[in-house]
Amino acid sequence: MTRRATEPRAWQRMLSGRRLDLLNPSPVDIEIDDIAHGLARVARWNGQTTGDWAFSVAQHCVMVEALAVEIDPGLSPEKRLLALLHDASEYVVGDMISPFKNAIGYNYRDLEDRLQRAIHIRFGLPPAIPPTLKKLIKKADLHAARIEATGIAGFAEAEAVKIWGKPPKVPASGPFDPTPIPPTEAKTRFLRRFISLNTAMQR
């Protein structure tokens, strides 16, 4: 069915040259370099963080994957890759804070979920994350938010404890360091983890 001229455009052109249909995303139009490039430029916390750069979703995703392994050191490369890509849809839809997502409701989450499923299929992953793994990734995601909140987002310790509980016991370095890094470095780190995990998954 041909889209009528009066209907709004529902695709976005990516730097790779792909045209991604936002309402009906196809896995064949998804490229990891587009994802990494976009996530490295999307700010967590609506940009309300300290530092010379925004704390990017790409940097957050690398932290979440590392935290997932802290929770379960036996995670397979496939499950680790799912953790790394848990917010991959945000390269298109952006990082909207949870209270605003809840206010918008189903339509936004449905669009986000459809894009996330297409991303999984593109890289040979299950379209839907198994419930047990989803729970683990959510726990790692909340741990990351807790680290970011007091590290760069201005939350006092007492306030953070009320919202996220006690902080996870991890080193304050490497992927657990919330100090914002330049977008080019965030993109490189994200791509490095993707390539490593994707290669291991193919073995």
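Just so we're clear, the structure is a prediction, and the values are computed from it rather than from any experiment. Along every chain, residues carry numbers that run from 1 in the direction the sequence is written. Only residues with pLDDT of at least 70 are given local features in this predicted model, and only at 80 or more are side-chain atom pairs given and counted; all residues enter the totals for whole chains, interfaces and linings. Heavy atoms throughout the structure, all of them, feed into the side-chain values; hydrogens and water do not.

Draft legend 1. Region of the structure containing helix H9 (residues 183–202). With 20 residues, H9 should reach 28 Å at 1.5 Å per residue; the first-to-last C-alpha distance of 28 Å fits that figure. Only protein chains enter the area calculation, which uses a 1.4 Å probe; residues under 20% of their type maximum are buried, those over 50% are exposed, and those in between are partly exposed. Helix and strand definitions here come from DSSP, where helices need a minimum of 4 consecutive H or I residues and strands a minimum of 2 consecutive E residues; each element is numbered from the N-terminal end. For H9, the complete set of buried residues consists of Ala186, Lys187, Phe190, Leu191, Phe194, Leu197 and Met201. Relative to the axis of H9, the buried residues are bounded by an arc of 140° and lie together on one face. Opposite its buried face, H9 presents the exposed residues Thr184, Arg192 and Ile195, each directed more than 90 degrees away. For H9, the elements touching its buried residues are helix H1 (32–39), helix H2 (57–71) and helix H3 (77–84). Take the number of residues in a helix, subtract one, and multiply by 1.5 Å to get its expected span. It is the directions from the helix axis to the C-beta atoms that the arc portrays. Every residue pair with non-hydrogen atoms within 4.5 Å of one another is taken to be in contact.

Draft legend 2. Region of the structure containing the environment of Leu23. Here Leu23 is to be found in the loop between strand E2 (19–21) and H1. In the structure, Leu23 is positioned 140 residues away from Ile163 in sequence and 34 Å away in space, judged by C-alpha atoms. Excluding its chain neighbours within four sequence positions, the residues that come into contact with Leu23 are Ala10, Leu111 and Arg114.

Draft legend 3. A look at the packing of aromatic side chains. What counts as a ring pair is set by centres within 6.5 Å for rings of Phe, Tyr and Trp (its six-membered ring), and what kind of pair is set by the plane angle: stacked under 30 degrees, edge-to-face over 60, tilted for all other angles. This model, assessed by the stated rule, comprises 4 aromatic pairs. Seen from their ring centres, Trp45 and Trp164 are 6.0 Å apart, and the 75° between their planes marks the pair as edge-to-face. Here Trp45 is found in the loop between H1 and H2, whereas its partner Trp164 is found in helix H8 (residues 157–164), with 119 residues between them in sequence. The class for Trp45 is buried, based on a relative accessible area of 18%. When the centroid spacing of 5.2 Å and the interplanar angle of 70° are considered together, the rings of Phe155 and Trp164 count as edge-to-face.

Draft legend 4. Structural detail: the pattern of salt bridges. A pairing counts as a salt bridge when a side-chain nitrogen of Lys or Arg comes within 4 Å of a carboxyl oxygen of Asp or Glu. Per the stated rule, a full pass over the model turns up 10 salt bridges. In this structure, Glu31 engages Arg122 in a salt bridge whose closest nitrogen and oxygen atoms are separated by 3.5 Å. Taken together, the residues span a long stretch of sequence, with Glu31 in the loop between E2 and H1 and Arg122 in helix H6 (residues 106–122) at a distance of 91 residues. Judged by relative accessible area, Arg122 falls into the partly exposed class, the value being 32%. A salt bridge links Arg114 to Asp110; the shortest N-O distance between them is 3.0 Å. Placement of both Arg114 and Asp110 in helix H6 is noted, with a separation of 4 residues, approximately one turn of the helix. Residues participating in the shared-partner salt-bridge network are Arg18, Asp29, Glu31 and Arg122.

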